[in-house]
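# Residue-level structure breakdown
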Amino acid sequence: MSAGQLVYRGVPYSTHHHHPLPGLEPVEHVYRGIHYRMPLKHEPRLVDESLELHYRGHIYHHRQQQTQLHLEAG
């Protein structure tokens, strides 16, 4: 191991190593127990402001249009 090499939990790595960008080919993966076969690179879905979001006992609503108007007036 060289003097300039970084180590994380005993595993050496280089800051010059570049990982490939996510591709468009579908990949099998599991998130929160649900199996997916989708590409890792994808466009975000449009926001549905009618949905209620629940987080730690609180209910939230998307306010994308309201925020955009506030920023434009700003």
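Residues numbered from 1 in each chain as written. Predicted model: local features only at pLDDT ≥ 70, side-chain atom pairs only at ≥ 80, totals over all residues. Heavy atoms only, no water.

### Quick look at the overall build of the chain
Quick note on the threshold: What counts as a helix is a DSSP run of H or I of at least four residues, what counts as a strand is a run of E of at least two, and both are numbered from the N terminus. Taken over C-alpha atoms, the radius of gyration is set against a globule rule of 2.2 Å times the number of residues to the power 0.38. Each residue is placed in one exposure class: buried if its accessible area under a 1.4 Å probe, protein chains only, is under 20% of its type's maximum, exposed if it is over 50%, and partly exposed if it falls in between. We call two residues contacting when some pair of their heavy atoms lies within 4.5 Å.
Scanning the chain for helices and strands turns up one helix and six strands. Ordered by position from N to C terminus, the α and β elements of the chain give β-β-β-β-β-β-α. A compact globule built from 74 residues should have a C-alpha radius of gyration of about 11 Å, whereas the chain, at 21 Å, is more than 25% larger. Along the longest, intermediate and shortest principal axes, the C-alpha atoms of the chain span 55 × 40 × 30 Å. In the chain, which comprises 74 residues, the share counted as buried stands at 0%. Taking the intrachain contacts of the chain between residues at least 6 apart in sequence as the baseline, contacts between residues at least 24 apart amount to 0%.

### A look at the pairing of strand β5 (residues 52-55)
This is how the line gets drawn: In short, DSSP must find at least two bridges between two strands for them to pair.
Sheet topology note: the β5/strand β6 (residues 58-61) ladder contains four bridges and is antiparallel. Paired with L53 across the two strands is Y60, which belongs to β6.

### Notes on a nonpolar patch on the surface
Here is the rule: Candidates for patches are residues over 30% relative accessible area with no salt bridge; among them, like charges are joined within 9 Å and nonpolar side chains (Val, Leu, Ile, Met, Phe, Trp, Tyr) within 5 Å. Shrake-Rupley sampling with a 1.4 Å probe provides the accessible areas, and residues are treated as covered by the protein chains on show and by no other component. Should a side-chain nitrogen of Lys or Arg be within 4 Å of a carboxyl oxygen of Asp or Glu, the pair is scored as a salt bridge.
A cluster of nonpolar side chains, contributed by L51, L53, Y55 and Y60, occupies part of the molecular surface with about 390 Å² of accessible area. We classify L53 as partly exposed; its relative accessible area is 33%.

The analysis is restricted to geometry; functional conclusions fall outside its scope.
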